[in-house]
Amino acid sequence: MIRRLKYNEIDFVKYAQCLENSEQRKYSATKDFLDTASTIPWEILVYKDYEAVMPVPFVRKYGLKIVHNPKLCQQLGVFSHKDNVDLNEAFLEFLKRNYMIRAYPFNDINQLRTKLRIKKNFLLYPDSYEKVYNRYSPKRKRKLRLDESVLKDSEIKIISYDQAKIFIEANTLGLSKDSDLPDFMRIFESFHRSGYLKFTAFYYQHRIINVIATYRDGNMVALLGNFNDKDYVKLSGASVLIDHVIKENIETHIFDFEGGELPNIEEFFRGFRPELKPYGIIENSKKNLFKKLGCLILGGKSFL
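Because the structure is a prediction, the values reported are computed rather than measured. Along each chain, residues carry numbers from 1 onward, in the same order as the chain's sequence is written. Residues qualify for local features only when their pLDDT is at least 70, as the model is predicted, and side-chain atom pairs are given and counted only at 80 or more; totals for whole chains, interfaces and linings, by contrast, use all residues. To obtain the side-chain values, all non-hydrogen atoms of the structure were used and water was disregarded.

Caption draft 1: View of the overall build of the protein. Working definition: helices are DSSP H or I runs of at least four residues, strands are E runs of at least two. Numbering for both runs from the N terminus. On a plain count of helices and strands, the protein comes out with eleven helices and 16 strands. Within these notes, the globule rule equals 2.2 Å times the number of residues to the 0.38 power, and the radius of gyration is based on C-alpha atoms. Taking 19 Å as the expected radius of gyration for a compact globule of 304 residues, we find that the protein reaches 21 Å, a close match to that expectation. Projected onto its principal axes, the C-alpha coordinates of the protein cover approximately 70 × 40 × 35 Å. Exposure classes here rest on a 1.4 Å probe applied to the protein chains alone. A residue is buried below 20% of its type maximum, exposed above 50%, and partly exposed in between. Of all 304 residues assigned to the protein, the portion counted as buried reaches 51%. Should any heavy atoms of two residues lie within 4.5 Å, those residues are considered in contact. Expressed as a percentage of contacts within the protein between residues at least 6 apart in sequence, the contacts between residues at least 24 apart total 75%.

Caption draft 2: The packing of helix α7 (residues 161–170) against helix α8 (residues 180–193), seen in detail. Axis definition: a line fitted to C-alpha atoms, limited for helices to the stretch in contact. Angles are taken between N-to-C directions and run from 0 to 180 degrees. The N-to-C vectors of α7 and α8 enclose an angle of 160 degrees; their axes lie 11 Å apart at closest approach. Classed by the angle they form, the pair α7 and α8 counts as roughly antiparallel. Considering the relative orientation of α7 and α8, their crossing is right-handed. The residues of α8 that touch α7, namely those facing Tyr-161, Lys-165, Ile-168 and Glu-169, are Leu-181, Met-185, Phe-188, Glu-189 and His-192. Angle categories: roughly parallel below 35 degrees, roughly antiparallel above 145, roughly perpendicular from 65 to 115, and oblique for all the rest. By definition, turning the near helix anticlockwise from the far helix through less than a right angle yields a left-handed crossing, and turning it clockwise yields a right-handed one.

Caption draft 3: Inspection of the environment of Val-67 at higher detail. Position of Val-67 among the secondary structure elements: in strand β5 (residues 64–68). Overall, Val-67 belongs to the buried group, its relative accessible area being 0%.

Caption draft 4: Inspection of the pairing of strand β13 (residues 220–228) at higher detail. Counting buried residues along β13, seven of its nine residues qualify, which places the element largely inside the surrounding structure. Across eight bridges, the pairing between strand β12 (residues 207–217) and β13 is antiparallel. Bridge pairing links Asn-210 to Asn-228 in β13. Whether two strands pair depends on DSSP finding at least two bridges between them. Adjacent in sequence and paired antiparallel, β12 and β13 are bridged by two residues, among which Gly-218 carries a positive phi angle near 60 degrees. Bridge analysis of β13 against strand β14 (residues 254–256) gives three bridges, and the strand direction is parallel. Each bridged residue has a counterpart across the sheet, and for Met-220 the counterpart in β14 is Ile-254. Regarding topology, helix α9 (residues 237–249) serves as the crossover connection from β13 to the parallel β14, and that connection is right-handed. Orienting the strands away from the viewer, one traces the path from the first strand over the helix to the second; a clockwise path indicates a right-handed crossover.

Caption draft 5: Structural context of unusual backbone geometry. Despite not being glycine, Lys-48 has its phi angle at roughly 50 degrees, a positive value. By the element assignment, Lys-48 lies in the loop between β2 (43–47) and β3 (52–56). In this structure Lys-48 comes out as partly exposed when scored by relative accessible area, which is 43%. In this model, Glu-258 sits at a positive phi of 55 degrees, which is unusual for a non-glycine residue.

Caption draft 6: Spatial organisation of α7. The set of residues buried in α7 consists of Tyr-161, Ala-164, Phe-167 and Ile-168. Each buried residue of α7 lies within a common arc of 130 degrees when the element is viewed along its axis, so the set occupies one face. Turned more than 90 degrees away from the buried face of α7, the exposed residues are Asp-162, Ile-166 and Ala-170. Looking at the packing, one finds that the buried side of α7 touches β10 (154–159), α8, β11 (197–204), β12 and β13. By construction, the arc corresponds to the directions joining the helix axis to the C-beta atoms.

Caption draft 7: Seen up close, the nonpolar core. In these notes, a set of buried Ala, Val, Leu, Ile, Met, Phe, Trp, Tyr and Cys residues joined through side-chain atoms within 4.5 Å is what counts as a nonpolar core. Of all hydrophobic cores here, the largest spans 62 residues; its most connected members are Tyr-15, Leu-45, Phe-91, Leu-95, Phe-188, Phe-199 and Leu-224. The biggest single contributor to this core is α8, with six residues. In contact with Phe-188, not counting residues within four places along its chain, are Leu-72, Tyr-161, Ile-168, Leu-197, Phe-199, Ala-213, Leu-224 and Phe-227. Counting 27 residues, the second-largest nonpolar core is a separate cluster that includes Ala-238, Leu-241, Ile-246 and Phe-257.

Caption draft 8: Representation of the sheet that holds β5. Strand order in the open sheet formed by five strands is β4-β5-β7-β16-β8, and the pairing between neighbours is mixed. Each edge of the open sheet carries a strand with a single partner, namely β4 (58–61) and β8 (117–119). Here the strands of the sheet are splayed against their neighbours by 30 degrees on average, with no regard to which way each runs. In this structure, strand β7 (residues 100–105) lies alongside strand β16 (residues 279–283), joined through three bridges in antiparallel fashion.

So this is what it looks like as structure tokens:
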């Protein structure tokens, strides 16, 4: 039996236990992550007495709940002790029947018979750093061999949120600085304040030219942001920073690249020779949502 629980009805002790003991565990489904990434309280679908759970974040538009994964939240889906395709399909059907869905990602472990759009992600699994490095592509290894003149004039440092904010705001491409960027910075600040996120910077000639944001939770380190001064791209600071974090963590932690859909980003990530871990996502255009809304009004059904 699957039922829907509002935020104030959730037993978060049982929810956390289900996540921690699940085959699919993802940091992005934890209460701390979703409380920060979501702008309003989220809900869950739960099977029996928390034998399986499915977090459901949403936004409110036109007085309706519209399911949409929050910023920086790559994967959600069903979490259970053992992944079960029949149970996953039951959750999927419940979700589609009871919500309007703009975008909802499952996770890379969830098996489904229903055909969903597949998105790419890349993971490096724990191993000795020497073995991981040996698997890097020849091109990536070349990028990591900095000239002596660069090495003498560069260093890697952990920096504060305030230092990172100044650099990110000055070097962000592809985001609306009036809407998207403030939301990302709000999330980064909260994660940093709570100890989950750190910023690592590559300095050249006493100036920051690259910053990466990494989120650490359980046995996972995830790359949530990679920011670069375009005037210094040829110095390969981003590769050096990612390799540095991998070296520090890979013996005990999975390294999650958190994406790989854009061709140039995919090529960059593949240079570290990670494993491709695809996951399914439900997506509906605004046009299809309006069509569904019309059907709901005609049918007298309310999704509130």
